[in-house]
Amino acid sequence: GSTSYRVPWLYDEESVEVVRFFTKLKCKLMPYIYSHACLASKKGVPVMRAMALEFTDDPACAYLDRQYMFGDALLVAPIFSPEGTVDYYLPEGRWTNFLSGKVVDGGRWVRENHGYLSLPLMVRPNSIIPVGSEESRPDYDYTDGVDLQVFALTVGKTIQIDIYNTRNVRELTASVSREENTIFINVKNSGKPFTVTLRNLAGIASIRNGAYEVKAQGIMIRPEKSEEIIVVNL
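The following refers to the structure shown.

Conventions adopted
- Note that residues are indexed from 1 along each chain, following the sequence as it is written.
- Per-residue local features of the predicted model are confined to residues with pLDDT of at least 70, and side-chain atom pairs are confined, for both listing and counting, to 80 or more; whole-chain, interface and lining totals are unaffected and use all residues.
- The side-chain numbers reported here are obtained from all heavy atoms of the structure, hydrogens and water having been left aside.
- Planes of paired rings set the category: under 30 degrees apart is stacked, over 60 is edge-to-face and the rest tilted, where pairs are Phe, Tyr or Trp rings (Trp by its six-membered ring) whose centres lie within 6.5 Å.
- In this text, helices come from DSSP runs of H or I with a minimum length of four residues, and strands from runs of E with a minimum of two, each type numbered from the N-terminal end.
- Here's how the labels work: a residue is buried when its accessible area is under 20% of the maximum for its type, exposed when over 50%, partly exposed in between, all with a 1.4 Å probe on protein chains only.
- We call a charge positioned above a ring when the Lys NZ or Arg CZ atom is no farther than 6 Å from the ring centre and deviates by at most 35 degrees from the ring normal.
- Here a cavity denotes a set of grid points, spaced 1 Å apart and computed over the protein atoms alone, in which a 1.4 Å probe fits but from which it cannot get out, and a pocket denotes an open set meeting protein on both sides within 12 Å along at least five of seven lines; residues with an atom within 4 Å of a point are reported as lining.
- Grid points are joined across faces, edges and corners, and a volume is the space filled by probe spheres set on the points.
- Each residue gets one label: Ala, Val, Leu, Ile, Met, Phe, Trp, Tyr, Cys and Pro are nonpolar, Asp, Glu, Lys and Arg are charged, and the others, such as Gly, are polar.
- We treat two strands as partners when DSSP finds at least two bridges between them.
- Patch rule: a residue counts if its relative accessible area is over 30% and it has no salt bridge; like charges are joined within 9 Å, and nonpolar side chains (Val, Leu, Ile, Met, Phe, Trp, Tyr) within 5 Å.
- Each accessible area value is a Shrake-Rupley result obtained with a 1.4 Å probe; residue values ignore everything except the protein chains displayed when judging cover.
- Think of a salt bridge as a Lys or Arg side-chain nitrogen and an Asp or Glu carboxyl oxygen that are within 4 Å of each other.

## Digging into the packing of aromatic side chains
Step number 1: Throughout the structure, instances matching the rule amount to 7 aromatic pairs.
Step number 2: Each ring, one from Tyr-34 and one from Tyr-142, has its centre 5.7 Å from the other, and the planes form 45 degrees; the classification is tilted. Pair noted here: Tyr-34 is in helix H2 (residues 30–43) and Tyr-142 is in the loop between strand S9 (127–131) and strand S10 (146–151), with a separation of 108 residues, a long-range link.
Step number 3: Its relative accessible area of 22% is what places Tyr-34 among the partly exposed residues.
Step number 4: Joined through ring pairs, the aromatic side chains of Tyr-34, Tyr-140 and Tyr-142 make up one cluster.
Step number 5: Stacked on the ring of Phe-98, the Lys or Arg Arg-199 has its end atom at 5.6 Å from the ring centre.

Here it is in C-alpha cells:
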C-alpha cells in the first residue's frame, strides 16, 4: 500500500464498515492498550508478544507465528484465508471470545470460520479487561465511566490491573479475588464513576455495597460509596 492511495472509501461501503467497527473497538480498548504501553515504556515488555513470551512452559507455543498475545490477557489470531477459516492454538484454561462471549476450553488447537466483523480475540482466564466509555477517539479520560470486565475467575485466584491516564500517571487500581462462591472486588481511583462486569456468569445470589443488573455479556455491578464490593455467586 505504499505506492498508491488506499483508503476504505475508495473501495465500498463494506470496507468502510469493517474499518469503522475495529476502530471503535480499539478506542473502547484504549484503557487496556495504553496501560500496557506504559508498562512497555517502563519495563521493556512489548505490547504485541510472541506466545512463547507469555507461556514459557507450553512447548506448543514455541513456534507459533500466526497468532500473538496483545498484552498479557488478549490472544489475537489474524485470519489469512479468503474463506475466513482460521486455525489457532489455545493454552490451557477457559478462554472467552471478547466479541461473541463464546467460551472455549484450551490445551488444544481450534478451527473456526469468521466474517469480516469478527476474529479470534480471546481473553485469557483470570483476566480483567478495562473497557472505556469512548468509541470515537483514542485519547480521553480512561477511568471515567470505565467498565472493568472480569473473565473466568477461578477459586483461589487474585487478579489486579492498573489504568493510567495519558500523562502516564496511574489513576485506578482494581483487584478481584475469589474464595469458593464469593468474589471480592476492590477499586481505588479518584472518585470517578465505574462499573464491573462479571463475564461468564448468568446470575448471582446476593451482593453487598452495590447494585447489579443482568446483561447479555454477564453481571454488571454499579458500586455504592464503598470501594469494596462483595458478590456471592450462584
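Now, onward.
## Looking at the layout of surface pockets
Empty space among the atoms becomes apparent when a probe as large as a water molecule is rolled across them.
Step number 1: Taken as a whole, the largest pocket holds about 390 Å³ of empty space.
Step number 2: What lines the largest pocket is a set of 19 residues, and nearest its centre among them are His-36, Asp-72, Gln-160, Ile-161 and Asp-162.
Step number 3: Breaking the lining of the largest pocket down by element, the ones donating at least two residues are H2, S9 and strand S11 (158–164).
Step number 4: No other element matches the 7 residues that H2 contributes to the lining of the largest pocket.
Step number 5: For the lining of the largest pocket, the residue count by class is 8 nonpolar, 5 polar and 6 charged.
Step number 6: Taken as a whole, the second largest pocket holds about 290 Å³ of empty space.
Step number 7: Around the second largest pocket sit Phe-22, Leu-25, Lys-26, Leu-29, Ile-33, Tyr-68, Phe-70, Val-76, Leu-119 and Leu-121, which together line it.
Step number 8: Taken together, the elements giving at least two residues each to the lining of the second largest pocket come down to helix H1 (13–28) and strand S2 (68–70).
Step number 9: Considering every element that reaches the lining of the second largest pocket, the biggest residue donor is H1, with 3 residues.
Step number 10: Among the residues making up the lining of the second largest pocket, the classes are represented as 9 nonpolar, no polar and 1 charged.

## Focus: the sheet that holds strand S3 (residues 74–76)
Step number 1: Reading across the sheet, the 6 strands line up as S1-S2-S3-S8-S5-S6 and stay open at both edges, with antiparallel pairing between neighbours. Single-partner strands in this sheet number two, and they are strand S1 (48–49) and strand S6 (103–105).
Step number 2: Where S1 and S2 come together, 2 bridges link them in antiparallel fashion. Each residue of the ladder has a partner; that of Met-48, found in S2, is Phe-70.

## Quick notes on a nonpolar patch on the surface
Step number 1: A contiguous nonpolar patch, built from Tyr-5, Trp-9, Leu-10 and Tyr-11 and spanning about 580 Å² of accessible area, is present on the exposed surface.
Step number 2: By the element assignment, Tyr-11 lies in the segment before H1.

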